[in-house]
Amino acid sequence: MKILVLNGPNLNLLGQREPEVYGKTTLADIEAMVRARATQKGAEIDFRQSNLEGELVTWIQQARGKFDVILLNAAAYTHTSIALRDAIVAATVPTIEIHLSNVHAREEFRHRSLIAPVCRGVIAGFGADSYLLGVESACNVKV
Ligand code: CA2
């Protein structure tokens, strides 16, 4: 099981800014947790972050035939990006939408996800544990 974990804009700032919203855990901490859980499950992880929508689109396109599942925290692009949605459809790699925060308990503009309808499922609101739940779910995804 090969899992591609993609992180969108500003997630590189985790643990450094707005700890009251996103906590003190850094993206490097999350990567270490994800790798540890994946090792327990016998899964392989490729973990990346980009602030660029086009780079995320390219990575999703390239995942076809190389990865079994994508875990995607598209950050703010979740709410705006038709390009990411189209890439997920084109790649045909089962994709799970991940969020640290409970987007439905936040501002109204975060309630809408353009990618959720083309994802296998959505995990939101459990902080770094959202990613670990994502690894668990990825390992159970039916192709
Ligand atoms: O809860 C999530 O995981 C989000 O994807 C995080 C995004 C937000 O736009 C989504 O609505 C929900 C924001 C990521 C930015 O992270 C920061 C971390 C520290 C300081 C500033 C931003």
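Fair warning: this is a prediction, and the values are worked out from it, not measured in the lab.

Draft legend 1. Local environment of the overall build of the protein chain. A count of helical and extended segments in the protein chain gives 5 helices and 5 strands. Going from the N terminus to the C terminus, the protein chain shows its helices and strands as β-α-α-β-α-β-α-β-β-α. Over its C-alpha trace the protein chain gives a radius of gyration of 14 Å, about what one expects of a compact globule, namely 15 Å for 143 residues. Its C-alpha atoms put the protein chain at 40 × 35 × 25 Å along the principal axes. Taking contacts inside the protein chain between residues at least 6 apart in sequence as the whole, the part at least 24 apart equals 77%. Accessible surface for the protein chain amounts to roughly 7,200 Å². Of this, 50% is attributable to carbon and sulfur atoms. Counting 15 positive and 15 negative side-chain charges, the protein chain places the centres of these two groups 5 Å from one another.

Draft legend 2. Representation of the packing of helix 3 (residues 53-62) against helix 4 (residues 82-91) within the structure. For the pair helix 3 and helix 4, the least separation of the axes is 9 Å and the interaxial angle reads 10°. Taken together, the axes of helix 3 and helix 4 lie roughly parallel to each other. Along the contact surface, helix 3 presents Glu53, Leu56, Val57 and Ile60, while helix 4 presents Ala83, Leu84, Ala87, Ile88 and Ala91. In terms of residue class, the contact of helix 3 with helix 4 is built from 8 nonpolar, no polar and 1 charged.

Draft legend 3. View of the site of the ligand. In the region of the ligand, 17 residues are neighbours, and Asn73, His79, Leu100, Ser101 and Arg110 sit closest. Here serine 101 contributes a side-chain N or O atom positioned 2.5 Å from an oxygen atom of the ligand. Within the side chain of arginine 110, an N or O atom sits 2.9 Å from an oxygen atom of the ligand. Burial of the ligand by the protein chains amounts to 94% of its free accessible area of 500 Å². When grouped by side-chain class, the residues that make up the shell around the ligand number 9 nonpolar, 5 polar and 3 charged.

Reading the values: rules and limits
- Residues numbered from 1 in each chain as written.
- Predicted model: local features only at pLDDT ≥ 70, side-chain atom pairs only at ≥ 80, totals over all residues.
- Heavy atoms only, no water.
- Helix = DSSP H or I, 4+ residues; strand = E, 2+ residues; numbered from the N terminus.
- Rg over C-alpha atoms; globule rule 2.2 N^0.38 Å.
- Contact = heavy atoms within 4.5 Å.
- Areas by Shrake-Rupley, 256 points an atom, 1.4 Å probe, with all protein chains shown as cover.
- Lys, Arg positive; Asp, Glu negative; His and termini not counted.
- Charge placed at Lys NZ, Arg CZ, Asp CG, Glu CD.
- Axes fitted to C-alpha atoms, helices over the stretch in contact; angles between N-to-C directions.
- Parallel < 35°, antiparallel > 145°, perpendicular 65-115°, else oblique.
- Nonpolar A, V, L, I, M, F, W, Y, C, P; charged D, E, K, R; others polar.
- Near = heavy atom within 4 Å.
- Polar contact = N/O pair within 3.5 Å; in protein donor to acceptor, adjacent residues only side chain to side chain.

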